[in-house]
Amino acid sequence: PVTILAGNKVEAADLVYAQNRPVCHIQQTVAQTGWTTSTFNAITFSATDILDPYEMHDPATNNTRVVIGTILGWWRVSGVFNPATNTANTMMRAAIAKNGTRLKSGFVGVSPASSGGIMGVATGTVYVEATVATDYIELQGYVTAASGTIGSGVSGDVACSISAEW
């Protein structure tokens with residue numbers, strides 16, 4: 001049951017979203033390599049989406065983006081960056097960007113030598129407002145390494161992912 005206080009108005013669209021909550025969760029299936037050390041890169045998500053009922057992500061076109069402007073309002077967003085396996089990795093960062101501009105969301109991970117350069121880094125939960133139909137979010141990864149493969153990694157059940165919930 002839904003309780004509505006006197007004087008409040010409920011729109012039909014609100015009821016549709018309450019029953020079919022807008023959400024998007026995508027995961028990387030093909031690693032990216034060839035990055036420049038100590039540079040943020042947008043993560044590509046080119047395979048079938050895990051959960052995307054409102055088709056906010058297009059795996060073929062602009063495959064780094066989740067278009068949250070599909071439904072205007074506030075979105076709860078988070079992501080995980082998994083770097084490529086590289087024993088030379090010394091620092092990894094993950095960030096959420098809106099329309100290409102990084103938000104204050106990232107965490108930094110320092111890779112101990114015992115990890116073999118493998119350590120995923122999660123963003124914090126960020127609240128992002130979509131105000132126009134073209135607003136989009138991206139997960140960005142960052143790796144500092146003196147040598148070896150620099151980029152994202154996909155291994156077994158470990159991969160980069162981004163989630164957005166309205």
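Examining the overall build of the protein
Phase 1: For the protein, the count of helices and strands is one helix and 10 strands.
Phase 2: Tracing the protein from N to C terminus, the helices and strands come up as α-β-β-β-β-β-β-β-β-β-β.
Phase 3: Counting every position in the protein, which comprises 166 residues, the buried fraction comes to 40%.
Phase 4: Sequence separation of at least 24 residues holds for 74% of the intrachain contacts in the protein that already meet a minimum separation of 6.

Comments concerning unusual backbone geometry
Phase 1: Positive phi, close to 50 degrees, is recorded for E55, a residue that is not glycine.
Phase 2: Judged by relative accessible area, which is 68%, E55 ranks as exposed.
Phase 3: One non-glycine residue, N99, lies in the positive phi region at around 50 degrees.
Phase 4: As for its placement among the helices and strands, N99 is situated in the loop between strand 4 (89-98) and strand 5 (101-102).
Phase 5: Take N99: its relative accessible area is 33%, and that puts it in the partly exposed class.

With respect to the nonpolar core
Phase 1: Residues V66, I68, W75, V77, F81, I137 and I162 are the most contacted members of the largest nonpolar core, which totals 28 residues.
Phase 2: Put simply, the parts of the chain that give this core at least two residues each are strand 1 (23-27), strand 3 (73-81), strand 4, strand 8 (126-130), strand 9 (137-145) and strand 10 (161-165).
Phase 3: In terms of residues, this core owes the most to one element, strand 9, which gives four residues.

A few points about the environment of D58
Phase 1: Mapped onto the fold, D58 is located in the loop between strand 2 (41-42) and strand 3.
Phase 2: For D58, a relative accessible area of 37% corresponds to the partly exposed category.
Phase 3: In sequence terms D58 and F45 are 13 residues apart; their C-alpha atoms lie 8.7 Å from each other.

So, the environment of G141
Phase 1: Topologically, G141 is positioned in strand 9.
Phase 2: Distance from G141 to N82, taken between C-alpha atoms, is 8.1 Å for residues 59 residues apart in sequence.
Phase 3: Residues contacting G141, with those up to four places away along its chain left out, are W35, T39, F40, N41, I43, F81 and R93.

Describing the side chain of H57
Phase 1: Among the structural elements, H57 can be located in the loop between strand 2 and strand 3.
Phase 2: In this structure H57 comes out as buried when scored by relative accessible area, which is 5%.
Phase 3: In this structure the side chain of H57 is engaged in a polar contact, spanning 3.0 Å, whose partner is the backbone oxygen of F45.
Phase 4: Residues contacting H57, with those up to four places away along its chain left out, are C24, I26, F45, D49, D52, N63 and R65.

Focus: the environment of I50
Phase 1: Checked against the element boundaries, I50 lands in the loop between strand 2 and strand 3.
Phase 2: Along the chain, I50 and I26 lie 24 residues apart, while their C-alpha atoms are 5.3 Å from each other.
Phase 3: Residue contacts for I50: discarding those within four places in its chain leaves H25 and Q27.

Things to note about the packing of aromatic side chains
Phase 1: Evaluation of the coordinates by the stated rule reveals two aromatic pairs.
Phase 2: Here F40 and Y142 contribute two aromatic rings whose centre-to-centre distance is 4.9 Å and whose plane-to-plane angle is 50 degrees, an arrangement assigned as tilted. Of this pair, F40 sits in the loop between strand 1 and strand 2 while Y142 sits in strand 9; the two residues are 102 residues apart in sequence, bridging distant segments of the chain.
Phase 3: Relative accessible area serves as the criterion here: at 18%, F40 is assigned to the buried category.
Phase 4: Above the plane of the ring of Y136 lies R65, whose end atom (NZ or CZ) is 3.9 Å from the centre.
Phase 5: Here R93 stacks its cationic end above the ring of Y142, 5.2 Å away from the centre of that ring.

The rules behind each value
- Residues numbered from 1 in each chain as written.
- Predicted model: local features only at pLDDT ≥ 70, side-chain atom pairs only at ≥ 80, totals over all residues.
- Heavy atoms only, no water.
- Helix = DSSP H or I, 4+ residues; strand = E, 2+ residues; numbered from the N terminus.
- Buried < 20%, exposed > 50% of the residue type's maximum accessible area, 1.4 Å probe, protein only.
- Contact = heavy atoms within 4.5 Å.
- Core = buried A, V, L, I, M, F, W, Y, C linked by side-chain atoms within 4.5 Å.
- Polar contact = N/O pair within 3.5 Å; in protein donor to acceptor, adjacent residues only side chain to side chain.
- Phe/Tyr/Trp six-rings, centres within 6.5 Å; stacked < 30°, edge-to-face > 60°.
- Lys NZ or Arg CZ within 6 Å of the ring centre and 35° of its normal.

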